[in-house]
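# Structural characterization, general
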Amino acid sequence: MVLEIGVLVAGLATLDDPCFLCGSADADQVWTTPDRALGVPGVYTVVCCRDCGFLYQRPRVPDEKLASCYPDHYPRHQEPSPRVPFKGSWRRISAVRWALAAGLGYPAFRDGEAPLLTRLRGRLLLRRLRWDCLPWIGQGRYLDVGCGSGAALGVARALGWQVAGIEPDRPAAEKARRFADDLYVGAALSAPFAPGRFDVVTALHVVEHVPDPVRLVRRMLEWLAPGGLLIIEVPNAGGLGARLFGRAWSGLELPRHLSHFSPETLRRAVERAGGRVLWCWQRAKPRHYLWSLRNWLRDRGLGRLARLTELRLVYGALKLILEVTLPLVSWAGRGEVIRVGVARVPGSQQGIMPVPTGRV
Ligand SMILES: [Zn+2]
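Rules used in this analysis
Residues numbered from 1 in each chain as written. Predicted model: local features only at pLDDT ≥ 70, side-chain atom pairs only at ≥ 80, totals over all residues. Heavy atoms only, no water. Helix = DSSP H or I, 4+ residues; strand = E, 2+ residues; numbered from the N terminus. Rg over C-alpha atoms; globule rule 2.2 N^0.38 Å. Buried < 20%, exposed > 50% of the residue type's maximum accessible area, 1.4 Å probe, protein only. Contact = heavy atoms within 4.5 Å. Donors = N, O, S within 2.8 Å, 3.2 Å for Na, K, Ca; no water. 1 Å grid on protein atoms, 1.4 Å probe; cavity = no way out; pocket = protein on both sides within 12 Å on 5 of 7 lines; lining within 4 Å. Points joined across faces, edges and corners; volume = space filled by probe spheres on them. Nonpolar A, V, L, I, M, F, W, Y, C, P; charged D, E, K, R; others polar.

## Brief notes about the overall build of the chain
The helix and strand tally for the chain stands at 10 helices and 11 strands. Compactness check: the chain gives a C-alpha radius of gyration of 21 Å against a globular reference of 21 Å for 360 residues, within 12% of the reference. Counting across all 360 residues of the chain, residues that qualify as buried make up 51%. Taking the contacts inside the chain whose residues are at least 6 apart along the sequence as the reference set, 72% of them involve residues at least 24 apart.

## Quick look at the coordination of the zinc ion
Protein-derived coordination of the zinc ion comes from Cys19 (SG), Cys22 (SG), Cys49 (SG) and Cys52 (SG), at a distance range of 2.3 Å. Here the donor residues for the zinc ion map to a single chain with the spacing C-x2-C-x26-C-x2-C. Judged by its relative accessible area of 3%, Cys49 is buried. By relative accessible area, Cys52 is classed as buried at 10%.

## Some thoughts on the layout of surface pockets
By volume, the second largest pocket is sized at about 850 Å³. Looking at the second largest pocket, it is lined by 32 residues, and the ones nearest its centre are Leu66, Pro168, His209, Val210 and Pro211. Counting residues per element, the ones that place at least two in the lining of the second largest pocket are strand S5 (162–167) and helix H5 (213–222). Here the lining of the second largest pocket is composed, by residue class, of 18 nonpolar, 6 polar and 8 charged.

Read these as spatial facts, not as claims about activity.
This is the structure:
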């Protein structure tokens, strides 16, 4: 398909930037959709770079208009509810403490020898906990980039971290301030934190929102202390949902998502920024597919059927079926969300790596 820049956009002003990853201007249209989630006016397009295969929004909303893509009801700016793991019976809390100490390295929760049942329960809990709780590293100095209203900061503080955040949206940042020792309101690239200041830096559903993801990753790597870990999470454009539902895929989130990473293109972005992917996890939740399914049905004029999936009984049945099958999808590397752990490559020439044109 031939690219028709500017023809399909009727909302925010846009910019015809080349591939964020390799700099090539050659691309083919893949998906075109309006903003299904929050109703920002306009129709937006995702293209595939002919040189490196990266999926990105083009034309894209220019930097000075990006804030208009986030209406007041943007979910991450609402009142936060941190998923602090210490809840339930004392037996459960003992198992959580054991899992945090034994599985995620928290010295503060080492309670001596735990009974067998506590350890078994802790092992089961660990699968979920490792998504919600950071692994303990170094002196426990944590920065969340694009922290929204502070849900991740709240969990980290409850677990004993020294907590810092960066958030460009002022009302959201004010909500996050209660959890943070240090909070910068503004763009990540202009945040004044000193290099090497943090043991863990996270960017959870942030990198896909910025115009220059490689530059942001490079900046985040600079903030890591020796032995530090950068954790990046993004939707998986190489997953089953994108393949099945195409332009109805809920992970597109146009016009807010400028980049659409697969595990492979995320790895390349990280390496270009001077990092190395240590591990890559994937997961899929039923709601990801159910959102996509509703979009897909509405696109086919089946709005009534889409509404039917919102009925409690129907939703419950679909959710159950998906819960049984989704671990297989994640296991096959086709999940809806990718999370990578990244280390800084010693001696990498950060800050002076040019973006080449052509194949990478
Ligand atoms: Zn490219």
